[in-house]
Structures are given as C-alpha cells and as structure tokens.
Amino acid sequence: MQVFRGVPFHQAGPCALTIGNFDGLHRGHRAMLDRLVAEARRANLPPAVLTFEPHPRELFTPDAAPARLSSLREKLELLRDAGIARVYLAHFNRGFASLSAEAFAGEIVARQIGARYVLVGDDFRFGKGRAGDNRLLATYGQQFGYLAEAMPEIAVDGRRASSTAVREALGSGDLALAEQLLGRPYRISGRVVHGAKLGRQIGFPTANIQVKHNRPPLTGIFVTEVHGAADRPLLGAASLGKRPTVDDSGRIALEVYLPDFSGDLYGRHLQVDFLHKLRDEAKYDGLEPLIAQIKLDVENARAFYRERISLPRP
C-alpha cells in the first residue's frame with residue numbers, strides 16, 4: 001500500500017477514491033471500502049482513500065474534539081487489510097479548510113489525485129463552511145470527469161454504525177456492542193516500553209504499552225486478548241487509565257498482565273483486543289488492597305475468557 005503524506009501536486013495515476021476520517025474503521029466504513037474495492041476492480045483502477053490528519057474537529061474545536069478510536073498507524077493497517085492500494089493523508093490545516101467546494105472537487109480530487117470514480121457517505125460534506133454535499137459532488141464529477149456516488153448508512157441491529165456510536169459504547173463499558181459495531185473487538189496496539197516495574201515487585205509483571213491516544217475512548221480494568229507476545233493469542237488482564245493508587249501524574253497508561261506468559265517483551269509490538277470491562281479504576285489505600293483486587297480481577301478475567309473461547313465463533 002502506498003501512503004502519500006499530503007496530496008501530491010502531480011497525480012500518481014487514475015484511481016477509484018473514497019473520502020473520510022475512517023476513525024476506528026467500523027462496519028459502515030468497511031462496507032464502503034468493500035464497495036470501493038469492488039468498483040475499482042471492475043474499472044481496473046487502484047482503490048484509494050483520502051483521509052485527514054489531524055481530525056478536522058481537532059483543528060476547529062480542540063477542547064471538544066472526540067476521542068480518537070485509532071492511532072494513525074492502526075488506521076493505516078486497517079485500510080491496508082481492507083484492500084486499499086493508496087492512502088492520501090491530507091494535512092488538515094486552515095488553508096486546506098478554506099478551499100472552496102469547487103476547488104476541492106476539481107483541484108484536489110480530479111487533478112491532483114486523479115479520481116475517476118468517487119464513493120462517499122450520504123452525509124458527506126466538503127469545502128469551506130461544509131458547503132458541498134454528495135449531490136454537488138456528483139455535479140462537479142460530471143464537470144471534472146469522474147463518476148461520484150453516495151452510499152447510504154449501514155445499520156447494525158437497527159443502530160447506525162458510526163464512530164460516535166462506537167465511542168459511546170466504549171465509554172459506557174459496553175464492549176459487546178462496540179465489537180458488534182466494529183465487526184471485531186476494539187483494539188489498541190503499541191510497543192512495549194519500560195515502566196516503573198511496580199507490577200513485577202508485587203507479583204504481577206505487566207507489559208507497559210505505549211499509548212498514542214491522548215484521550216482514549218475507554219478507561220478501567222478489562223479482560224483482553226493479546227496478539228504478538230506468542231504464537232497464539234493470550235489472555236490479558238489490562239488496566240487503561242491514570243493508575244490513581246500508584247501514580248499522581250495524570251498520565252494515561254496501558255498495562256497488561258499476561259498470566260500464561262513469561263519472558264521479555266520489551267520492544268515488541270503488541271495488539272490488545274478489549275473483550276470485557278471488569279470495573280472502573282479505583283484508588284486503594286496502599287498496595288495490599290490493590291494486590292487483593294488484582295488477584296480477583298485475574299480470576300474474573302480467566303473465567304470470562306474461558307467462557308468466551310469455549311463458545312462457537314460466528
């Protein structure tokens with residue numbers, strides 16, 4: 001997969017294109033990408049994505065911007081796995097935001113990217129002041145030489161599949177609903193880095209995973225499944241949050257205890273799938289009650305994981 005940091009002035013060749021933030025790549029996104037890839041194959045064009053960095057709301061309303069569901073690396077990996085051949089990472093700044101709808105549709109989409117087919121969501125807006133919609137894009141497509149189509153929203157059990165719905169499910173601790181909307185467990189991936197090593201001292205050595213999310217969409221204590229530590233997925237009991245008993249810095253940390261693993265994981269890139277929320281974070285009066293709670297969390301994690309892996313997979 002080719003990744004262009006910015007939109008090149010000279011196109012890399014004609015393509016079939018979709019446009020959006022694709023945060024989390026939920027089932028609605030996946031349905032759109034599947035259709036794009038199918039249309040691209042029919043037209044003998046490479047399927048491409050134009051996405052934005054940072055998220056537009058992080059530019060205009062940084063204090064109210066939504067928590068990101070995926071890091072840039074995670075998003076690119078998901079797009080690659082969906083069959084996308086090219087990704088254009090448009091630097092979303094005030095200059096880009098001030099482009100007129102016509103300039104966006106003509107200069108960016110047609111001339112610089114070279115789109116011959118464009119697929120967007122039915123709520124897609126573009127150009128300065130969000131002046132353009134999918135109908136206007138279809139009109140510009142006729143003018144600039146590409147076919148533009150809009151795709152209706154995807155519902156999962158009557159609920160619109162959207163990044164907002166996924167965030168709400170994660171924030172409320174409903175990981176089963178989040179998994180339903182995503183079509184897979186919610187995942188955070190990152191490299192194992194050195195931490196304070198307190199877990200080792202109290203009998204629960206943890207993998208301290210570098211978190212790129214400044215405000216993760218969920219916090220608490222979780223049952224997880226970890227990929228990348230061994231040749232098979234492993235049960236993990238994870239803490240994602242500020243660790244109020246042992247740290248007053250306010251920094252977000254992801255620590256995962258792997259009860260069925262021993263060895264050195266430093267520098268390894270792990271994928272942590274969040275399966276079930278056990279509880280919220282809590283501040284304990286010293287290490288003894290914390291250790292007792294961790295033991296209980298691990299027992300509960302084992303019980304949940306045993307039941308999950310014994311169930312037939314859909």
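What you see is a predicted model; the values in this text were computed from it and never measured.

### Remarks on the packing of aromatic side chains
Applying the stated rule across the entire model yields 11 aromatic pairs. Judged by centre distance (6.2 Å) and plane angle (85°), the ring pair of F96 and F104 falls under edge-to-face. A residue is classified by how much of its surface remains accessible, and F96, at 14% relative accessible area, is buried. Geometrically, the ring pair formed by F204 and Y257 is edge-to-face, given 5.2 Å between the ring centres and 85° between the ring planes. One end of the pair, F204, is in the loop between α9 (198–201) and β10 (206–209); the other, Y257, is in strand β13 (residues 253–257), with 53 residues separating them in the sequence. Exposure remark for F204: the relative accessible area of 10% places this residue in the buried category.

### Things to note about the sheet that holds strand β2 (residues 15–19)
On the basis of which strands lie adjacent, the open sheet formed by six strands has the order β1-β4-β3-β2-β5-β6 and parallel pairing. Whereas interior strands pair on both sides, the edge strands pair on one side only; in this sheet they are β1 (2–5) and β6 (147–151). Sheet twist, expressed as the mean angle between neighbouring strand axes with direction ignored, is 20°. Along the sheet face, helix α5 (residues 101–112) touches β2, β3 (47–53) and β5 (115–121) and points at about 125° away from the line of β5.

### Some details on the pairing of β13
Across the five residues that make up β13, a large majority, five, are buried. Strand direction decides the pairing type here: β10 and β13, joined by four bridges, are antiparallel. Looking at the pairing, N208 lines up with E255 of β13. Relative to β13, strand β12 (residues 234–241) is paired through five bridges, and the arrangement is antiparallel. When the bridges of β13 are listed, S239 appears paired with E255.

### Looking at the confidence of the model for the chain
Here the chain averages 90 in pLDDT, and 95% of its residues register 70 or above. Considering each helix and strand of the chain separately, the mean pLDDT is smallest for α9, with a value of 68, and largest for β2, with 97.

### Brief notes about the sheet that holds β13
Taken in spatial order, the six strands close into a barrel running β9-β10-β13-β12-β11-β14, and their pairing is antiparallel. Put simply, the sheet's adjacent strands are angled 45° from each other on average, direction ignored. With respect to the sheet, helix α8 (residues 175–182) is in contact with β9 (186–193), β11 (220–227) and β14 (269–279), its orientation differing from that of β14 by roughly 135°.

### With respect to helix α1 (residues 27–43)
An α-helical segment advances 3.6 residues per turn. Residues three or four places apart therefore align on the same side. If you check α1, its first and last C-alpha atoms are 24 Å apart, about what 17 residues at 1.5 Å a residue would give, namely 24 Å. Of the surrounding elements, those touching the buried residues of α1 are β2, β3, α3 (72–81), β5, β6 and α7 (163–171). Once α1 ends, the next one or two residues include N44, with phi positive near 55°.

### A closer look at the side chain of E225
With respect to the element layout, E225 can be found in strand β11. Note on E225: relative accessible area 11%, which makes it buried. At 3.5 Å, the side chain of E225 and the side chain of H227 are in polar contact.

### Quick look at α7
The set of residues buried in α7 consists of S163, A165, V166, R167, A169 and L170. Within two residues after α7, G173 carries a phi angle of roughly 85°, on the positive side.

### Structural notes on the environment of G127
As for its position among the elements, G127 is in the loop between β5 and α6 (134–144). Taking C-alpha positions, G127 is 54 Å from I291, a pair spaced 164 residues apart along the chain. Beyond its immediate sequence surroundings of up to four residues, G127 is in contact with A97, L99, S100 and A101.

Rules and cut-offs
Residues numbered from 1 in each chain as written. Predicted model: local features only at pLDDT ≥ 70, side-chain atom pairs only at ≥ 80, totals over all residues. Heavy atoms only, no water. Phe/Tyr/Trp six-rings, centres within 6.5 Å; stacked < 30°, edge-to-face > 60°. Buried < 20%, exposed > 50% of the residue type's maximum accessible area, 1.4 Å probe, protein only. Helix = DSSP H or I, 4+ residues; strand = E, 2+ residues; numbered from the N terminus. Pairing = 2+ DSSP bridges. Axes fitted to C-alpha atoms, helices over the stretch in contact; angles between N-to-C directions. Contact = heavy atoms within 4.5 Å. pLDDT = per-residue confidence, 0-100. Expected span 1.5 Å × (residues − 1). Polar contact = N/O pair within 3.5 Å; in protein donor to acceptor, adjacent residues only side chain to side chain.

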